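Architecture and fold: a report
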Amino acid sequence: MPKPLGDMSPDEFRAAARRVADLAADYLDRLDAYDVLPRIEPGATRAKLPPQPPSAPEPLSAILDDYRTIVEPFITHWQHPMFMAYFPSVASGPGILGEWLAATLNSNVMLWRNAPSSTELEELVVSWLRQMLGLPEAFDGMLTDTASISSLLSIVAARHAVPGLRIREEGLSGRRLRMYASTEAHSSIEKAAIVAGIGRAGIRRIEVDAEFRMRPEALSAAIAEDRAAGWVPFCVVATLGTTSSTSIDPCEALASVCAQERIWLHVDAAYGGVAAVVPEMRGLFAGWERADSIVVNPHKWMFTPFDASLLLFRDPENFRDAFSLVPEYLKTREAAGVHNFNEYGIQLGRRFRALKLWMQIRWFGVDGIAARLRDHVRLARLFASWVDADPDWERVAPVPLATVCFRYRRGEDPDARNREILDRVNATGRVFLSHTKLDGRFVLRVAIGNPRQTDEHVARCWALLKEAAVT
Ligand code: PLP
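Summarised in this report is the structure supplied together with it. Everything numeric in this text was worked out from a predicted model, so none of it was measured. (Residues numbered from 1 in each chain as written. Predicted model: local features only at pLDDT ≥ 70, side-chain atom pairs only at ≥ 80, totals over all residues. Heavy atoms only, no water.)

A surface patch of nonpolar side chains, about 420 Å² in accessible area, is lined by M8, F13, V20, L97 and W100. Elements with a contribution of two residues or more to the nonpolar patch: α1 (10-30) and α4 (93-105). Relative to the assigned elements, L97 resides in helix α4. (Patch = residues over 30% accessible without salt bridge, like charges linked within 9 Å, V, L, I, M, F, W, Y side chains within 5 Å. Areas by Shrake-Rupley, 256 points an atom, 1.4 Å probe, with all protein chains shown as cover. Salt bridge = Lys/Arg side-chain N within 4 Å of Asp/Glu carboxyl O. Helix = DSSP H or I, 4+ residues; strand = E, 2+ residues; numbered from the N terminus.)

In this structure, M179, V267, W288, F383, W393 and L465 are the most contacted members of the largest nonpolar core, which totals 128 residues. Tallying contributions element by element places helix α13 (residues 354-389) first for this core, with 14 residues. Apart from residues lying up to four places away in sequence, M179 is in contact with I155, I189, A193, I198, G202, I203, R204, F234, C235 and V237. (Core = buried A, V, L, I, M, F, W, Y, C linked by side-chain atoms within 4.5 Å. Buried < 20%, exposed > 50% of the residue type's maximum accessible area, 1.4 Å probe, protein only. Contact = heavy atoms within 4.5 Å.)

All right, on to the site of the ligand then. As a matter of local geometry, the ligand sits amid 13 residues, with A147, S148, T243, D268 and N297 nearest to it. Between an oxygen atom of the ligand and a main-chain N or O atom of A147, the distance comes to 2.8 Å. A total of 400 Å² of accessible area belongs to the ligand in isolation, and the protein chains cover 86% of it. Taken together, the elements giving at least two residues each to the shell around the ligand come down to α6 (147-160) and α11 (298-301). (Near = heavy atom within 4 Å. Polar contact = N/O pair within 3.5 Å; in protein donor to acceptor, adjacent residues only side chain to side chain.)

Our next topic: the packing of α1 against helix α3 (residues 60-71). As a packed pair, α1 and α3 sit with axes 12 Å apart at the nearest point and diverge in direction by 10°. In terms of orientation, α1 and α3 fall into the roughly parallel class. For the pair α1 and α3, the contacting residues are A16, R19, V20, L23 and R30 in the first and L60, S61, L64, D65, Y67 and R68 in the second. Partitioning the contact of α1 with α3 into residue classes produces six nonpolar, one polar and four charged. (Axes fitted to C-alpha atoms, helices over the stretch in contact; angles between N-to-C directions. Parallel < 35°, antiparallel > 145°, perpendicular 65-115°, else oblique. Nonpolar A, V, L, I, M, F, W, Y, C, P; charged D, E, K, R; others polar.)

Structure below.
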């Protein structure tokens, strides 16, 4: 009998896993020694690697050597404490270990039958996160990969909830559905409208106040105008923590408009929502408990390895009704009493995301997570206080969470000057910042949210900015 071809032997795997554990620990230990932005030109990585795949096996040591010299040093280091661009997306130690074990089990969480403990761990983690956010038991939910998908599912469910439309069976067929989001809402909402067949014309942007929050009276007026013009308003998206300035839409007032108009309220709290784990910050989100669906991303500001998005919804039956399609080979005897998660969304095969969250929540404890979030807010306010105290700089938005929007005030063309400052600080490689536009002005952003960040990192960022502004 020929020898089975097989996989890596258990002994080989054990030895390799020890090497990989060392590589991972060394990386996390050495992070601060790296520049956060690598010095690399497009095409440089491809040029170092053979264009054809190897036909013969290669030893693991050669593969790991290439990983160590060609891949690792030339990523942009999202784990780095000087990565302050966009929003944080940081992987904690216990989260990384959970991700590794999830890959080892390779449990595909589509049905309870083929993933019993992983399905129930997902139910448990969804419930834990809901409790951590202070939201009522009326919410059920699941984990998805990203906020973009969580919002898309919610918008399709909202569309499905409109009485008498039968879109699932008959398609949109020229119906004019309208949804509403502020001018500051994330592009994923517009993308969801495109994918869900609502179209860009079907999303109406509502103006914001001086602090970039949706104006509820403008929303009411838009809905009335649309109804009169023959549109069917079906969904409002409130953003709690907008991408540019982290402004928080007035959810209580928006929930009242939705209740009065019988319109679905979807809350995009992808970045900001985790702040509700901090008891004294929960008031920022008043009214979100009245939403029909909510998205909060642990993979943004809760140090969970990418990817993990929490989608909560009030009416699981509506979600199941919108998405469920069970072919014969997936019918199981337990279907009635369990969560078969594939029926609540688009994907059939689903990653086992609950394990890393379960391990991480246990390892830090809810109080430990809250303490870290609270510290990030303190660091952001510290940075904001330096901006406020310096007449050469101005802050351009409030700081309700842990992101600061600001700009340099001097020079004839402040937009060009701030763009130049951004390019300069990023060119040092020692910090990575991003920008946005607020009221049409070019604005710099510092986003805090890495458990490895300290006062020293924030001070280093401020020093680099000031240096870039005067040279
Ligand atoms: N919603 C908001 C408010 C965001 O800021 C972002 C990304 O930054 C998203 C949604 C999209 O998140 P994801 O990458 O998980 O799809």
